[in-house]
Amino acid sequence: MITIASLLIMATPAVLPTVDEEIIVIGKRLEGISVSVGRNEKGKYVCSTDRSSGNLNLDKRLCKTTVRCIRDGAQGEAVKACVDARKPKLLSKLRKEMMAARK
């Protein structure tokens, strides 16, 4: 026989993390991602990441941001500094998208 307490536990919905909690986790993942940028035979910049943030759109934006920093003249450690300075804006945009999707 199933007790009332067991029924209540089964009826309790799973608690989803808030958007802000998810952004914190994604931001921490973002810190550990390495981006490689090169040029193809036509001279177009190509980009790849060594892992995913868990959000494909964010991964694409991270690549575009890295390419933009390089096009703006950043080299070596300056590329990392440039990208790091732009990460809060990337996460802010993702947060707005996630909030809109949950409405």
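Scroll up to find the structure this text is about.
Note that the structure is a prediction, hence the values are computed from the model and not measured. (Residues numbered from 1 in each chain as written. Predicted model: local features only at pLDDT ≥ 70, side-chain atom pairs only at ≥ 80, totals over all residues. Heavy atoms only, no water.)

**Q** Which residues make up the environment of Ile23, and what are the values?
**A** Relative to the assigned elements, Ile23 resides in helix α2 (residues 19-31). On the accessibility criterion, Ile23 (13% relative accessible area) is buried. When the C-alpha atoms of Ile23 and Arg95 are compared, they prove to be 6.6 Å apart, with 72 residues separating the residues in sequence. (Helix = DSSP H or I, 4+ residues; strand = E, 2+ residues; numbered from the N terminus. Buried < 20%, exposed > 50% of the residue type's maximum accessible area, 1.4 Å probe, protein only.)

**Q** Hey, could you go over the pairing of strand β2 (residues 45-49) for me, with residue numbers and the actual values?
**A** By the bridge criterion, five bridges tie strand β1 (residues 35-39) to β2 in an arrangement that is antiparallel. Residue pairing in the sheet places Val35 in a bridge with Thr49 of β2. The antiparallel pairing of β1 with β2 creates a hairpin that spans five residues between the two strands, and Gly43 there sits at a positive phi of about 90°. (Pairing = 2+ DSSP bridges.)

**Q** Just give me the short version of the state of the cysteines, but keep the residues and values in it.
**A** Applying the stated criterion across every chain, the model contains two disulfides. Between Cys47 and Cys63 runs a disulfide, and the two sulfur atoms are separated by 2.2 Å. Across the S-S bond of Cys47 and Cys63 the torsion is about -80°, and the bridge reads as left-handed. Here Cys63 lies in helix α3 (residues 56-71) and Cys47 lies in strand β2, a separation of 16 residues in the sequence. Since its relative accessible area comes to 12%, Cys63 is described here as buried. Note that Cys69 is cross-linked by a disulfide to Cys82, the S-S spacing being 2.0 Å. Its S-S torsion of about -80° marks the bond between Cys69 and Cys82 as left-handed, since a negative value means left-handed. Of this pair, Cys69 sits in helix α3 while Cys82 sits in helix α4 (residues 77-102), and the two are 13 residues apart along the sequence. As far as the burial class goes, Cys69 and Cys82 line up, both buried. (Disulfide = S-S within 2.5 Å.)

**Q** I'd like to hear about the pattern of salt bridges, residue by residue, with values.
**A** Scanning the model with the defined rule gives seven salt bridges in all. With a closest N to O distance of 2.5 Å, Arg95 and Asp20 form a salt bridge. Here Arg95, found in helix α4, pairs with Asp20, found in helix α2; they are 75 residues apart in sequence, far enough to count as distant. Assessed through its relative accessible area of 38%, Asp20 is described here as partly exposed. The residue Arg51 makes a salt bridge to Asp50 at a minimum N-O spacing of 3.5 Å. Here Arg51 falls in the partly exposed class, since its relative accessible area comes to 45%. In this structure, a network of salt bridges that share partners links the residues Lys80, Asp84 and Lys87. (Salt bridge = Lys/Arg side-chain N within 4 Å of Asp/Glu carboxyl O.)

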